[in-house]
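Chain residues, written in single-letter form:
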Amino acid sequence: MLRFLVRRTLGAVVILLFISAFTFFLFFAIPHDPALLSCGKNCTPDNLKIIHHNLGLDHPVPVQYYDYMVRIFTGHRFTAGNCPAPCFGYSFANSEPVWPTLMDRLPTTLSLALGSMVVFLLFGLGTGMLAAWKRGTVVDKVFSSASLVLSSMQIYFVGPIVLALLVYNNHILDQPKYTPITENALSWFNGLLIPWCVLSILFTANYTRMSRSTMIEQLQEEHVRTARAKGMSSRYVFFRYAWRGSLIPIITILGIDLGSLLGGAMITEWTFQLTGLGRLAIDSVTKTDLPMLMGVMLFSAALIVLFNIIVDAAYAFIDPRVRLS
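Residues numbered from 1 in each chain as written. Predicted model: local features only at pLDDT ≥ 70, side-chain atom pairs only at ≥ 80, totals over all residues. Heavy atoms only, no water.

### Some words on the overall build of the chain
Then, in step 1: When helices and strands are tallied, the chain shows 13 helices and two strands.
Then, in step 2: Split into buried and exposed, the 325 residues of the chain put 42% on the buried side.
Then, in step 3: Across the chain, contacts joining residues at least 24 apart in sequence account for 67% of those joining residues at least 6 apart. (Helix = DSSP H or I, 4+ residues; strand = E, 2+ residues; numbered from the N terminus. Buried < 20%, exposed > 50% of the residue type's maximum accessible area, 1.4 Å probe, protein only. Contact = heavy atoms within 4.5 Å.)

Now the structure itself:
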């Protein structure tokens, strides 16, 4: 297990370096001057030159990238103030420090992503297993057909419709908003209920079909048939052998879907006007704010890599046949 974690950690470092370099150099490939954001409307050439020097934009791009990566671990003293490690710099748009801004937006995105993951795992795996249990019946056909319909739904289409039906017209639910769970757990739940359901629709449909197919495959495995031949009840065999074996491919796909989940959270935040990392990333792109964009990209990538390592490590606890070493 230790060797596996070391290998995955080293691989994660390489991936994060590649993502940071790609984002950094791609930013400077766009014809623009980020110093103009800080210079204001009445910008003079002398002021612009001073801002270029203060932001380090008068250095070659490779030197800027090296300085940026070093400052993440060592910190740096800017004109705007001291930036302790981890230092992602100051925003070009509003001169706010990047790291505190990320920490302020993180709870919204995590609440949205993890909450929707719980929803689509519960409903997706539950309906998939029930469809496999009732294979060939009306229940199976209804769930399979519903999953096909839901798989075509998109967040930017479903979101406004749900808002119109449940919030604006009938006032059944409150307007989506984020309230810290430490302040009011009920408001936190009510404010994110609609975004959770909307974000989880597409994933629920996919996991319904996936869990159904994997469960049917497991029910046809030799060890499952042997357990039945020994006189074990169908319910016991279903949950003790087939269900546990079907989780392996589902967890594999879950690790891959974490990136899609954060991407979906970005669209969901924009649709419901939630102030999370996704909304911050979109604002950073439109304002060509490199420090904020780099901070969001690196932090999001680190979260995805961390979740994937946790998912891979969970294999050993679900299936003892898996050997991570």
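After that view, the rundown keeps rolling.
### Quick word on the nonpolar core
Then, in step 1: Counting residues in hydrophobic clusters, the biggest one holds 31 residues, and the most contacted among them are F120, L199, Y207 and L261.
Then, in step 2: At 10 residues, helix 8 (residues 185–219) tops the list of elements feeding residues into this core.
Then, in step 3: The residues touching F120, leaving out its near neighbours within four places in the chain, are L125, S200, F203, T204, Y207, L254 and L261.
Then, in step 4: Counting 23 residues, the second largest nonpolar core, distinct from the first, contains L57, M69, F299 and L303. (Core = buried A, V, L, I, M, F, W, Y, C linked by side-chain atoms within 4.5 Å.)

### A few points about the packing of aromatic side chains
For any pair of aromatic rings, the description consists of the separation of the ring centres together with the inter-plane angle of the planes.
Then, in step 1: As enumerated under the stated definition, the model contains 12 aromatic pairs in all.
Then, in step 2: Both rings, one in F24 and one in Y65, keep their centres 5.5 Å apart while their planes meet at 65°; by these two values the pair is edge-to-face. With a gap of 41 residues between them, F24 in helix 1 (residues 2–29) and Y65 in helix 4 (residues 61–74) connect regions that are remote in the sequence. Like Y65, F24 is buried.
Then, in step 3: Plain terms: the ring middles of F24 and Y68 are 6.0 Å apart, the flat faces sit at 45° to each other, and that makes the pair tilted. Taken together, the residues F24 in helix 1 and Y68 in helix 4 connect sequence positions 44 residues apart. The same class applies to F24 as to Y68, namely buried.
Then, in step 4: The structure contains a cluster of three or more aromatic residues connected by ring pairs, namely F24, F25, Y65, Y68, F88, W99 and F299. (Phe/Tyr/Trp six-rings, centres within 6.5 Å; stacked < 30°, edge-to-face > 60°.)

### A closer look at the side chain of S20
Then, in step 1: With respect to the helices, strands and loops of the structure, S20 is situated in helix 1.
Then, in step 2: The class for S20 is buried, based on a relative accessible area of 1%.
Then, in step 3: In this structure S20 touches Y65, M69, M294 and L298, once residues within four positions along its chain are discounted.

### Let's talk about a nonpolar patch on the surface
Then, in step 1: Residues Y156, F157, I161, L165, M266 and I267 make up a contiguous nonpolar surface patch of about 570 Å² in total accessible area.
Then, in step 2: Of all elements in the fold, only helix 7 (155–169) and helix 10 (234–272) reach the threshold of two or more residues within the nonpolar patch.
Then, in step 3: Sort the elements by how many residues they give to the nonpolar patch and helix 7 lands first, with four residues.
Then, in step 4: Within the fold, Y156 resides in helix 7. (Patch = residues over 30% accessible without salt bridge, like charges linked within 9 Å, V, L, I, M, F, W, Y side chains within 5 Å. Areas by Shrake-Rupley, 256 points an atom, 1.4 Å probe, with all protein chains shown as cover. Salt bridge = Lys/Arg side-chain N within 4 Å of Asp/Glu carboxyl O.)

### Focus: the environment of P176
Then, in step 1: Position of P176 among the secondary structure elements: in the loop between helix 7 and helix 8.
Then, in step 2: By relative accessible area, P176 is classed as buried at 5%.
Then, in step 3: Sequence separation of P176 and N190 is 14 residues, and the distance between their C-alpha atoms is 7.6 Å.
Then, in step 4: Sequence-distant contacts of P176, that is, excluding residues within four places in its chain, are made with L163, G191, I194, P195, F272 and L274.

### A closer look at unusual backbone geometry
Then, in step 1: With omega at 0°, the peptide bond leading from A85 into P86 counts as cis.
Then, in step 2: Position of P86 among the secondary structure elements: in the loop between strand 2 (81–83) and helix 5 (98–133).
Then, in step 3: Phi is positive for H171, which is not a glycine, with a value near 55°.
Then, in step 4: Mapping H171 onto the fold places it in the loop between helix 7 and helix 8.
Then, in step 5: Relative accessible area serves as the criterion here: at 61%, H171 is assigned to the exposed category.
Then, in step 6: Even without being a glycine, Q273 presents a positive backbone phi close to 60°.
Then, in step 7: Mapped onto the fold, Q273 is located in the loop between helix 10 and helix 11 (277–286).

### Regarding the packing of helix 7 against helix 8
Then, in step 1: One can describe the packing of helix 7 onto helix 8 by two numbers: an axis separation of 10 Å at closest approach and a directional angle of 145°. With respect to the hand of their crossing, helix 7 and helix 8 are arranged in right-handed fashion. Contact residues: I155, V158, G159, V162 and V167 in helix 7; I194, V198, L199 and I201 in helix 8. (Axes fitted to C-alpha atoms, helices over the stretch in contact; angles between N-to-C directions. Left-handed = near helix turned anticlockwise from the far one by under 90°.)

### Topic: the side chain of S211
Then, in step 1: For S211, the position within the fold is in helix 8.
Then, in step 2: In this structure S211 comes out as buried when scored by relative accessible area, which is 1%.
Then, in step 3: Polar contacts involving the side chain of S211 include one to the main-chain carbonyl oxygen of G124, which spans 3.3 Å.
Then, in step 4: Of note is the side chain of S211, whose polar atom sits 3.2 Å from the backbone oxygen of T208.
Then, in step 5: Beyond its immediate chain neighbours, meaning those up to four positions away, S211 contacts G124, L125, G128, M129 and I250. (Polar contact = N/O pair within 3.5 Å; in protein donor to acceptor, adjacent residues only side chain to side chain.)

### Thoughts on the confidence of the model for the chain
Then, in step 1: On average, residues of the chain carry a pLDDT of 81, and 89% of them reach 70 or more.
Then, in step 2: When the elements of the chain are averaged for pLDDT, helix 13 (residues 315–318) gives the smallest value, 63, and helix 5 the largest, 90. (pLDDT = per-residue confidence, 0-100.)

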